[in-house]
Amino acid sequence: MAKQAKSVIDTEELTAVADRGYYRGEDILNCDKANIETYLPKPQTSGNQAKGQFGRDAFRYIAEDNEYECPAGLRLVQHSTTQDKGRTLHNYWTYKCRYCAIKAQCTSGVHRKMSRWEHEEVLDEAQKRLDQNPDMMRIRRTTVEHPFGTLKAWMGSTHFMTKTLDRVSTEMSLHVLAYNMKRMMNIIGTKPLIEAIRA
Ligand code: SF4
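Here goes a summary of the coordinates provided. (Residues numbered from 1 in each chain as written. Predicted model: local features only at pLDDT ≥ 70, side-chain atom pairs only at ≥ 80, totals over all residues.)

## Re the environment of Glu120
Quick reminder of the rule: The helix count covers DSSP runs of H or I at least four residues long, the strand count covers runs of E at least two residues long, and both are numbered beginning at the N terminus. To sort residues by exposure, count the other C-beta atoms lying within 10 Å of each residue's C-beta; 20 or more gives buried, 12 or fewer gives exposed, and values between give partly exposed, all with C-beta atoms placed from the backbone.
Of note, Glu120 is situated in helix α4 (residues 120-132). Residue Glu120 is classed as partly exposed on the basis of its 16 C-beta neighbours within 10 Å. Glu120 sits 98 residues away from Tyr22 along the chain, and the two C-alpha atoms are 17 Å apart.

## Structural notes on the nonpolar core
Inclusion rule: Nonpolar core, as used here: buried Ala, Val, Leu, Ile, Met, Phe, Trp, Tyr and Cys residues forming one set through C-beta atoms within 7 Å. Here, residues touch in the contact sense if the C-beta positions derived from the backbone fall within 7 Å of one another.
In terms of nonpolar packing, the biggest core is built from six residues, these being Ala16, Ala18, Ile28, Cys31, Leu40 and Ala126. Not counting chain neighbours up to four residues away, the residues in contact with Ile28 comprise Thr38, Val122, Leu123 and Ala126. Counting residues in each nonpolar core, the second largest holds five residues, with Tyr68, Cys70, Tyr92 and Trp93 among its members.

## Here's the deal with the site of the ligand
What counts is decided by this rule: Any residue whose C-beta atom, as placed from the backbone, lies within 6 Å of a molecule or strand is termed near it. Residue polarity follows a fixed list, in which Ala, Val, Leu, Ile, Met, Phe, Trp, Tyr, Cys and Pro are nonpolar, Asp, Glu, Lys and Arg are charged, and the others, Gly among them, are polar.
Residues in contact with the ligand amount to 14 residues; listed here are only the nearest, Cys70, Ala72, Cys97, Cys100 and Cys106. Across the shell around the ligand, the residue classes break down as eight nonpolar, three polar and three charged.

Listed below in structure tokens is the structure:
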């Protein structure tokens, strides 16, 4: 969608802001390659965190050494590279976990393993951008959430008038088109809008 928007707007650079439901490493990487700056929060899906153990963010990646620093201050080094669903992952651990005083808070396995996607630096950069611009998600909410509320109010508390995916999709597209046209009329006026459409 961001690529389509970039092409329609005919711009060299674009900023795309999305909620965590859209978080997908490959999409963030593709945006990066297409000169699209992304802002979206990472979903918290760590299995360890669900068990009350340290999450990924408790481990600090040290790029110059290609190692992770764990919450006990030890270094996890890269031992293997594996493939998972077409992704190349580098795996890091230390053999010293068995002597660790806080192991129970970290892993129930022999050692805690950290996997790092080969393009993880793009995700790290995206996270850094978001940390430096914490208002981005509030701006997203106030910019893109209210059109849906307005559309719902227009449609009333009823179902779609049509059935089957194609027809419902067309019905929704007409609502969105009507919303966009009304909004543009309010912002730039009817005459300039008609001129812009003709151009
Ligand atoms: S269990 Fe291993 S990775 Fe976890 S804090 Fe201890 S030494 Fe570090």
